[in-house]
Amino acid sequence: KKGVKIFATRGDEGEGHAGEGSRLRGGRTGRRVGAIRNSAAMCGGQKTNLQKKMEAIEKKFKMNKRDYEQQLKILLLGAGESGKSTIIKQMKVLYGDSRSGKKGYSDDERHQFTLRVYRNVLRSTKALGNAMLDFDISLKVDSELEEALYDLLDVDEKDYTCEDFQKDAKTYSKLWQSDGFQQVYRRKNEFQLTDSTKYFYEQLLSTEEGSLGSPGYIPSVQDILRAREATTGIHEFQFVMEHHNKKVIFRMLDVGGQRSERRKWIHAFEAVTSILFIVASSEYDQQLIEHSDTNRMTESLALFEQLTGYEWFKRASFIIFMNKQDILKKKIEGDPEVNLPPSPLRAHFPEFRGKDGDYVAAKTHIQQMYEGRFRGKAIAHYHETTATDSNLVSTVFDTVKAGLIEHHLAVFFGGGKGGQ
């Protein structure tokens, strides 16, 4: 009874697998139940209360084992701001939550993102305003709007409310259209600015009913995908996919990517089926939030090399999403829409031998840098993604689904090499 309880607890936490230890526990449990059943038969064939209890335990044990075999535990890793949480949101949009059985976000859930979107706009405004001061760029607006900006710079994001945003909405629109904000935005790689800044400002300028600046605003799915909030701790999301007419449960764990969060990852390492490592391909010209002297991609490469060499992951398959391809393309080629000049990859990674402005050469070189740092024993699979594009994420994940399932069955239950 004690042995079965331990296995069930470990299975619930995702920390055990049906390897040698669990098979031994299962064998002992089976022998114990069999002995009690035989003893009852010898005493006249009547089922005792103890026998009934042990048969119930045996049944539960088999159910736990079967359920576990159908669960794939995927650890979502990567440096901060790489797009891990966006991938989790996409899984909910595309496949639904296995616990609720519903796809996407209900109206109530969408409402819950309203304040997060509003605070994203405030955060971007403060980042742009502070950068203007650092770069000594003039706002070039009337004194009233300038004073409104200084007031926003003093606002604590945690205290910002929906009512505050409705009051400030027109101010945000005017600031975004100012020469000063456009000028500093073109230097966005020189300071910390969220990728969705331009997107949300453009939503503010929309005159459509229910748009970001209107009183009846409810975040769209795209707004939810783009709303940024730093992940702290470990968050699990479960979804179900079909494979050979059978339902397979995916358990995807999202962990904080900042340096301060990585020490918490170790609790999620055991019994991992696969590692899904997210690379922010566009961040070759940006610095870490927590260490302004360190290039983000350099940090990501070092983390990738370290993780792929861990003993914990020797049996896990590696899927690498080369994410943010849409932003990478605009950085390499330049973005005429906002007069953003090209940002040469060579300026940050001098070993690049391609032509400046060549997006294909740049993305190929970036992937090759990660391939060169891979220390795992299994084969790594690389896929280009844009986490905010539901169609692209669906196509990519459908491609890797079968491989994930076959690897899981081979390594954990078939004794195969999986991914070799």
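Calculation notes
Residues numbered from 1 in each chain as written. Predicted model: local features only at pLDDT ≥ 70, side-chain atom pairs only at ≥ 80, totals over all residues. Heavy atoms only, no water. Helix = DSSP H or I, 4+ residues; strand = E, 2+ residues; numbered from the N terminus. Contact = heavy atoms within 4.5 Å. Core = buried A, V, L, I, M, F, W, Y, C linked by side-chain atoms within 4.5 Å. Buried < 20%, exposed > 50% of the residue type's maximum accessible area, 1.4 Å probe, protein only. Pairing = 2+ DSSP bridges. Axes fitted to C-alpha atoms, helices over the stretch in contact; angles between N-to-C directions. Parallel < 35°, antiparallel > 145°, perpendicular 65-115°, else oblique. Left-handed = near helix turned anticlockwise from the far one by under 90°. Nonpolar A, V, L, I, M, F, W, Y, C, P; charged D, E, K, R; others polar. Phe/Tyr/Trp six-rings, centres within 6.5 Å; stacked < 30°, edge-to-face > 60°. Lys NZ or Arg CZ within 6 Å of the ring centre and 35° of its normal.

A.B. asks: With reference to specific residues and values, describe the side chain of T86.
C.D. replies: Tracing the backbone shows T86 in helix α4 (residues 84-95). Residues within four places of T86 in sequence aside, it is in contact with L225, A387 and T388.

A.B. asks: Outline the nonpolar core, listing residues and values.
C.D. replies: Among the nonpolar cores identified, the biggest contains 34 residues, and L128, F165, Y172, F181 and L212 are the most heavily contacted of them. Per element, the largest residue contribution to this core is 8 residues, and it comes from helix α6 (residues 114-135). Filtering out sequence-adjacent residues up to four positions away, L128 remains in contact with W176, F181, V184, Y185, F191, L193, T197 and Y201.

A.B. asks: I'd love a proper account of the pairing of strand β1 (residues 71-77), names of residues and values included.
C.D. replies: Burial of β1 is extensive: 7 of the 7 residues sit out of reach of the surface. Burial of β1 is two-sided: the residues Q71, K73, L75 and L77 facing one way and the residues L72, I74 and L76 facing the other way are all buried. As paired elements, β1 and strand β3 (residues 246-255) share 6 bridges and run parallel to each other. Bridge pairing in β3 places L76 opposite D254. Bridge analysis of β1 against strand β4 (residues 274-280) gives 4 bridges, and the strand direction is parallel. Bridge pairing in β4 links L76 to L276.

A.B. asks: I'd love a proper account of the packing of α6 against helix α8 (residues 162-177), names of residues and values included.
C.D. replies: Packed helices, taken two at a time, are described by the angle between their axes plus the distance between the axes. Closest axis-to-axis distance for the α6/α8 pair is 11 Å, and the angle between their directions is 40°. Viewed along their axes, α6 and α8 adopt a mutual orientation that is oblique. As for the relative orientation of α6 and α8, their crossing is left-handed in sense. Only C162, F165, Q166, Y172, L175 and W176 of α8 make contact with α6, whose side of the interface consists of T114, L115, Y118, V121, L122, T125 and L128. Partitioned by chemical class, the residues of the contact of α6 with α8 number 10 nonpolar, 3 polar and no charged.

A.B. asks: If you had to explain unusual backbone geometry to someone new, which residues and values would you point to?
C.D. replies: When glycine is set aside, most residues are seen to have a negative phi, and most peptide bonds are trans. Positive phi is not limited to glycine here, since E81 has a value of about 70°. If you trace the backbone, E81 turns up in the loop between β1 and α4. Residue classification places E81 among the buried residues on the basis of a relative accessible area of 18%. One non-glycine residue, D136, lies in positive phi territory at about 55°. Mapped onto the secondary structure, D136 falls in the loop between α6 and α7 (143-153).

A.B. asks: Describe the packing of aromatic side chains, with residues and values.
C.D. replies: Counted under the stated rule, the structure contains 21 aromatic pairs. Plain terms: the ring middles of F313 and F318 are 6.3 Å apart, the flat faces sit at 80° to each other, and that makes the pair edge-to-face. Residue F318 is classed as buried on the basis of its relative accessible area, which comes to 2%. Chaining the aromatic ring pairs together yields one cluster made of F277, F304, Y310, W312, F313, F318, Y370 and F374. Across from the ring centre of Y105, 5.2 Å away, lies the NZ or CZ of K92, which sits over that ring. The cationic tip of R187 hangs over the ring face of F135; the distance from NZ or CZ to the ring centre is 4.0 Å.

A.B. asks: Which residues make up the sheet that holds β3, and what values go with them?
C.D. replies: Across the sheet, which stays open at both edges, the 6 strands sit in the order β2-β3-β1-β4-β5-β6 with mixed pairing between neighbours. At either end of the open sheet lies a strand with only one pairing partner, and these are β2 (234-243) and β6 (380-384). Between one strand and the next, the sheet's axes are offset by a mean angle of 25°, whatever the strand orientation. Taken together, the 7 bridges between β4 and strand β5 (residues 317-323) define a ladder with parallel strand orientation. Counterpart to V279 in the pairing with β5 is M322. Here helix α12 (residues 296-308) sits on the sheet and contacts β1, β4, β5 and β6; the angle it forms with β4, its principal contact strand, is near 170°.

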